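# Tertiary structure, described
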Amino acid sequence: MGVVTAAEETLADDFTGHRSHLVGVAYRLTGSVADAEDAVQEAWLRLSGLPDRARAEIADLRAWLTTVVGRICLDRLRSAAVRREKYVGQWLPEPLVTSSEDDPLDAVVRDDGVRMAALVLLDNLTPEQRVAFVLHDAFGVPFDSIAATLGCTVATARQHASRGRRAAAVSPPPPRVALDEQREVLEKFLAALHSGDTEAVISLLHPDAVVVGDGGGKVRTAVNVVTGRDKVARFLLGLLRKYGGLDQGEPVLVNGDPGLKFRARPDLAARVSTVVLKDGKVAAFYDFANPDKLRHVDF
């Protein structure tokens, strides 16, 4: 094993200082915890593998690393787009599950851009639109760098970002409300479900409420999106009657918002659930059940 030089230690320390930012960029781009971690690790390998002269020419290390991560994530997004063509049921991003507001990932999940509702919206963009829109609008990467990342002209990069921006503006996620308010609504919603009172459940649902489940064809959940508060209420109450166990869920934060983590049972696979609020009502119920997307979750 070679001796680590002072310059190499400094480089590692500098990279560590940017790591949380880079994880946030990569996760926001891919919606995958595994892909985000891999992209950040690959960015480190590319940086550490540069000759000293090339590293000395990097004027802004964070900007350079952000661009590198963007390029790596673009490849991941294109691969994911191919996989999604054969995916069974609905596709949801991988949830970022933290146990408290003091979790090391707190700096990442506090970013509004990694809220589940925002990531679901980004999933509707093409890989090129997503990379251009997120890198420019969220992280201030100039369009000449984005163009180099996408392998296109600056004008085309601007066009990708503009299209992504317009698509995101069609149905923007509702504003994030205070955690205490979210927890209060979630507790009332769970209590209504446990009571079996359909009207009480409906009263806490937004008129446009949806249930989206992601089992990947491996675990039972809603294959199609359940839409409308009447159907959502009946669906969730039916699940509760069949499986019960909402009281067995461990409270967690899912992408910075309140949710529940369920350990596997003989009759029910491990899963993570969370809600999105709009106008003080439950507007979306997300059920993450595909085990491939929960490998990073500590059950």
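Here's what I pulled together on the structure shown here.

What counts and what doesn't
- Residues numbered from 1 in each chain as written.
- Predicted model: local features only at pLDDT ≥ 70, side-chain atom pairs only at ≥ 80, totals over all residues.
- Heavy atoms only, no water.
- Pairing = 2+ DSSP bridges.
- Helix = DSSP H or I, 4+ residues; strand = E, 2+ residues; numbered from the N terminus.
- Contact = heavy atoms within 4.5 Å.
- Axes fitted to C-alpha atoms, helices over the stretch in contact; angles between N-to-C directions.
- Buried < 20%, exposed > 50% of the residue type's maximum accessible area, 1.4 Å probe, protein only.
- Core = buried A, V, L, I, M, F, W, Y, C linked by side-chain atoms within 4.5 Å.
- Expected span 1.5 Å × (residues − 1).
- Polar contact = N/O pair within 3.5 Å; in protein donor to acceptor, adjacent residues only side chain to side chain.
- Patch = residues over 30% accessible without salt bridge, like charges linked within 9 Å, V, L, I, M, F, W, Y side chains within 5 Å.
- Areas by Shrake-Rupley, 256 points an atom, 1.4 Å probe, with all protein chains shown as cover.
- Salt bridge = Lys/Arg side-chain N within 4 Å of Asp/Glu carboxyl O.
- Lys, Arg positive; Asp, Glu negative; His and termini not counted.
- Charge placed at Lys NZ, Arg CZ, Asp CG, Glu CD.
- Phe/Tyr/Trp six-rings, centres within 6.5 Å; stacked < 30°, edge-to-face > 60°.
- Lys NZ or Arg CZ within 6 Å of the ring centre and 35° of its normal.
- Disulfide = S-S within 2.5 Å.
- Left-handed = near helix turned anticlockwise from the far one by under 90°.
- Nonpolar A, V, L, I, M, F, W, Y, C, P; charged D, E, K, R; others polar.

## Some words on the sheet that holds strand S5 (residues 257–262)
Taken together, seven strands build an open sheet; the order of strands is S1-S4-S5-S6-S7-S2-S3 and the sheet is mixed. Edge positions in the sheet fall to strand S1 (97–98) and strand S3 (226–227), since each of these pairs with one other strand and no more. Two elements, strand S2 (residues 205–214) and strand S7 (residues 281–288), share six bridges in a ladder whose sense is parallel. What sits directly across from Val-212, in S7, is Tyr-286. Against the sheet, helix H10 (residues 179–195) engages S2, strand S4 (250–254), S5, strand S6 (271–278) and S7, with an angle of about 45 degrees to S5.

## Side note on unusual backbone geometry
Of note in this structure, Asn-255 is not a glycine but carries a positive phi near 55 degrees. Mapped onto the fold, Asn-255 is located in the loop between S4 and S5. Take Asn-255: its relative accessible area is 0%, and that puts it in the buried class. In this model, Asp-279 sits at a positive phi of 55 degrees, which is unusual for a non-glycine residue. Relative to the elements of secondary structure, Asp-279 occurs in the loop between S6 and S7.

## Remarks on the nonpolar core
The biggest cluster of nonpolar side chains holds 59 residues, and the ones touching the most others in it are Tyr-27, Ile-146, Tyr-286 and Phe-288. Ignoring any residue separated from it by four or fewer positions in sequence, one finds Tyr-27 in contact with Ser-32, Val-33, Ala-36, Glu-94, Pro-95, Leu-96, Val-114, Met-116, Leu-119 and Asn-255. Counting 26 residues, the second-largest nonpolar core is a separate cluster that includes Val-201, Leu-205, Phe-262 and Leu-277.

## Points about helix H4 (residues 61–84)
For H4, spanning 24 residues, the distance from its first C-alpha to its last is 34 Å, which sits close to the expected 34 Å at 1.5 Å a residue. If you check which residues of H4 are buried, you get Leu-61, Leu-65, Thr-66, Thr-67, Val-68, Val-69, Gly-70, Ile-72, Cys-73, Leu-74, Leu-77 and Ala-80. On its buried face, H4 is in contact with helix H1 (6–30), helix H2 (33–48), helix H7 (127–139) and helix H8 (143–150). Capping the start of H4 is the job of one residue whose side-chain oxygen sits 3.2 Å from the backbone nitrogen of Arg-62: Asp-60.

## Points about a negative patch on the surface
The grouping of Glu-8, Glu-9, Asp-13 and Asp-14 at the surface amounts to a negative patch. With respect to the element layout, Glu-8 can be found in helix H1. For Glu-8, a relative accessible area of 39% gives the class partly exposed.

## Regarding the packing of aromatic side chains
With the rule as written, the count across this model stands at three aromatic pairs. For the ring pair Tyr-87 and Trp-91, a centre distance of 4.8 Å and an interplane angle of 65 degrees mean the geometry is edge-to-face. Judged by relative accessible area, which is 22%, Trp-91 ranks as partly exposed. Relative to Phe-288, the ring of Tyr-286 has its centre 6.3 Å away and its plane inclined at 45 degrees; by these criteria the two rings are tilted. The exposure class of Phe-288 is buried, given its relative accessible area of 3%. Looking at Lys-293, its charged tip hangs above the ring of Trp-91, at a distance of 3.8 Å from the centre.

## Points about the pattern of salt bridges
A full pass over the atoms with the stated rule returns 20 salt bridges. Across the pair Asp-35 and Arg-76 runs a salt bridge whose closest N-O atoms are separated by 3.1 Å. Of this pair, Asp-35 sits in helix H2 while Arg-76 sits in helix H4; the two residues are 41 residues apart in sequence, bridging distant segments of the chain. Put simply, Asp-35, Asp-38, Glu-42, Arg-46 and Arg-76 are held in one network by salt bridges that share partners.

## Observations regarding the state of the cysteines
For the structure on display, the rule yields zero disulfides. Here Cys-152 is not cross-linked by a disulfide; its sulfur's nearest cysteine counterpart is in Cys-73, at 17 Å. Here Cys-152 falls in the partly exposed class, since its relative accessible area comes to 23%.

## Overview of the packing of H1 against H4
H4 packs onto H1 with a crossing angle of 35 degrees between their chain directions and a minimal axis gap of 9 Å. In the packing of H1 onto H4, the handedness of the crossing is right-handed. For the pair H1 and H4, the contacting residues are Asp-14, Phe-15, Gly-17, His-18, His-21, Leu-22, Val-25, Ala-26, Leu-29 and Thr-30 in the first and Leu-61, Arg-62, Leu-65, Thr-66, Val-69, Gly-70, Cys-73, Arg-76 and Leu-77 in the second. The residue inventory of the contact of H1 with H4, partitioned by class, reads 10 nonpolar, six polar and three charged.

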